[in-house]
Amino acid sequence: MKMKFVQITVTLSFLISSCWATNRTWWKHDLTYGIFLKSFMDSNGDGIGDFKGLTSKLDYIADTGIKTIWVTPFCTSPQADGGYDVSDYYGIDPLYGTMEDFEELMREMKKRDLNFVMDLVINHSSDEHKWFEKSVNRVDPYTNYYVWVDPIGYDRNGNPIPPNNWRSLFDFKTPSSAWTWNEKRKQFYLHQFLVKQPDLNLNNEELKTELKNMMKFWLDKGVAAFRLDAVECFMEDPSLRDDIDTESLIKVVWAEDDTETPRLHHPDTFKFLHELYLFFRQYDRENKRQRETAAFGEVYTTVDNKMKYYGTKSAPAAHYPYNYLLTTLRKFLDAEQMIQFLNTWIKKLPEGATSNWALGNHDHGRIFFYFNKEYNSILLTLVTMLPGAALIWYGEETSQEEFDFAPKPSKNLMIERDHFRLPMQWDDSLNAGFTSGDKPWVPVHPNYYNSNVKEQLANKNSTLYYFKDLVSLRKTDTLKFGDLKMYAISKWVLAFTRTFRRSKYIIVFNLGTEPHPANLHAEIANLPTNLTVVAASPNSGYSKGEKFNSILDHRNITMLRPHSSVVLSTHKNRYRK
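Here is a short report on the structure shown in this document. Each chain has its residues counted from 1, running along the sequence as written. Side-chain atom pairs in this predicted model are given and counted only at pLDDT of 80 or more, local residue features only at pLDDT of at least 70, and totals for whole chains, interfaces and linings cover all residues. Heavy atoms from the whole structure form the basis of all side-chain values; hydrogens and water molecules are not counted.

### A word on the packing of helix H6 (residues 205-221) against helix H8 (residues 267-286)
Helix axes use the C-alpha atoms of the stretch in contact, all axes being lines fitted to C-alpha atoms, and the angles between their N-to-C directions lie in the range 0 to 180 degrees. Only runs of H or I of at least four residues qualify as helices and only runs of E of at least two qualify as strands under DSSP, and these elements are numbered from the N terminus. Packing of H6 against H8 brings their axes to within 12 Å, and their N-to-C directions diverge by 40°. Here H8 runs oblique to H6, going by the angle between their axes. Judged by the twist between their axes, the crossing of H6 over H8 is right-handed. Contacts between H6 and H8 involve Lys208, Lys212, Met215, Lys216, Leu219 and Asp220 on the former and, on the latter, Phe272, Glu275, Leu276, Phe279, Phe280 and Tyr283. Considered class by class, the residues forming the contact of H6 with H8 number seven nonpolar, no polar and five charged. By the definition adopted for this analysis, an angle is roughly parallel if under 35 degrees, roughly antiparallel if over 145, roughly perpendicular if from 65 to 115, and oblique otherwise. Two helices crossing with the near one rotated counterclockwise from the far one by less than a right angle form a left-handed crossing, whereas a clockwise rotation gives a right-handed crossing. We call two residues in contact whenever any of their non-hydrogen atoms come within 4.5 Å of each other. Residue polarity is assigned by list, with Asp, Glu, Lys and Arg as charged and Ala, Val, Leu, Ile, Met, Phe, Trp, Tyr, Cys and Pro as nonpolar; anything else, Gly included, falls into the polar class.

Listed below in structure tokens is the structure:
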């Protein structure tokens, strides 16, 4: 009797310890829901999404099983770049409401046990920020808050010459200098993006203290983590060497080349990220924070370069850099090709590093645009069933599409992105239920009348319900901690197994355009004959709860429909809510 008691005590102790550790390192397994605040839900009829609108939709988000949301920048801004040009890091832009509205959102999120990831832009500010105005006037301590340099000379017309050939990363079509002359200060300032986005000098100790105080302000408000914008640009070569040619730079920025550039991925960037990591750990200790504060880096570079942003065991940097590998898919891959494609990330992960997956964000066109609607379930299955964290961009759970609504001509390669920042399609009413006003800030997709949340909630065989099933499975220990093996069952049939202790999930995809039989036993060893369908894409032909005989013979031919996926289990679906 005593022995049994000891065994039970040890088991309970292990479970409690494991649960606590998982809760503390929530970021390792969470699925994050990315929201372009301006397009999610408008509460006051002005055609612009806001905090009150987001608060009104928290039940919808929580009902999907999602536990974390990332919201694009909402601090005070002139909106030269959609809020990525901050003029007050402590203020709420009136477009989105008030600080009271934000605090109400945080209270309501806490009630639902949701985490909030704040999009933080500290590579640059707006030129309308008071720091920049004081820096122009050389008012201490702001004098060196920005990257200022003297001209290297003057041309024959008396115009100052920039220190090097660096180009704005936003102006590839018509290359323009990343340096702008300030007549009052008589120096150039660096802006790696728009002229109105001067780069902050992250080597300045007083500025770094100011930024940490600002982060503490938002952490005290309840923020769980930060998405750090434009991390690859944080630090520049102090000797200001000339950059590579513009054409090569384009390839570097779009992750097609890893040629070294003097101003991107500088070693000092990783030192600063580690400094922030230590700051967050100190904040957590001092505030006895139950969940670890995390920082995720937005980095555009090759996979090899991106791995550096994890830091090292002795000097961790970002908790993870965002993995946009899946966003580069542009064609149908067969099973072997898909395995090779996914392994370009998986095989290069540092030991102990947390992986993550995403299908899109505010800077990428929706990947669904490149495939037929049936294939969308495969994409959702990939992003949710692979190991690690995941990011879903708002509307992907319903296969929301983008469309080109006659964009304005622009020399700016990056600024015309509004066609994949369209309003969320909630129902079939005017403007898809996004706003009660006459006109949203950008048009709603014309298909909103038959492609919206309300329509999918009414259909148990919809993409939304399939997505909910996938999210619920992610809460199991098997999907959190299980290993991954990938199999090419045939040319077009791909299978994953996720195994943890005695539990196993088998995820099967038909990547092809024709029905294909799936003889799982041919490739997967020790596979039980009888399996249960725990999630099935709407086009799969299977239903959740259906029994599945994995042996292929003349009496039981398992035929997967084109572009479909199913998740099978060796046991009944049990998971923590």
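### A closer look at the side chain of Thr72
Mapped onto the secondary structure, Thr72 falls in the loop between strand S2 (68-71) and strand S3 (75-76). Burial here depends on accessible area, computed with a 1.4 Å probe over protein chains only, as a share of the maximum for the residue type. Under 20% is buried, over 50% is exposed, and the range in between is partly exposed. For Thr72, a relative accessible area of 3% translates into the label buried. What Thr72 contacts, discounting residues up to four positions off in sequence, is Ile35, Phe36, Leu37, Tyr84, Asp119, His362 and Trp393.

### Considering the environment of Glu206
Residue position: Glu206 is located in helix H6. The residues touching Glu206, leaving out its near neighbours within four places in the chain, are Pro141 and Tyr145.

### Focus on the sheet that holds strand S6 (residues 148-149)
Taken together, three strands build an open sheet; the order of strands is S6-S8-S7 and the sheet is antiparallel. Edge positions in the sheet fall to S6 and strand S7 (179-182), since each has one partner strand and no second. Here S6 pairs with strand S8 (residues 187-190) via two bridges, running antiparallel. Paired with Val149 across the strands is Phe188, a residue of S8. At least two bridges found by DSSP between two strands are what make those strands a pair.

### Structural notes on the packing of aromatic side chains
Ring pairs shown here join Phe, Tyr and Trp side chains whose ring centres sit within 6.5 Å, with only the six-membered ring taken for Trp; geometry is labelled stacked below 30 degrees between planes, edge-to-face above 60, and tilted in between. Scanning the entire structure with this criterion turns up 43 aromatic pairs. Seen in terms of ring centroids, Phe74 and Phe116 are 6.0 Å apart; in terms of plane orientation they differ by 65°. Their pairing is edge-to-face. In this pair, Phe74 is assigned in the loop between S2 and S3 and Phe116 in strand S5 (residues 115-120), connecting sequence segments 42 residues apart. Accessibility classification places Phe74 together with Phe116 in one group, the buried group.

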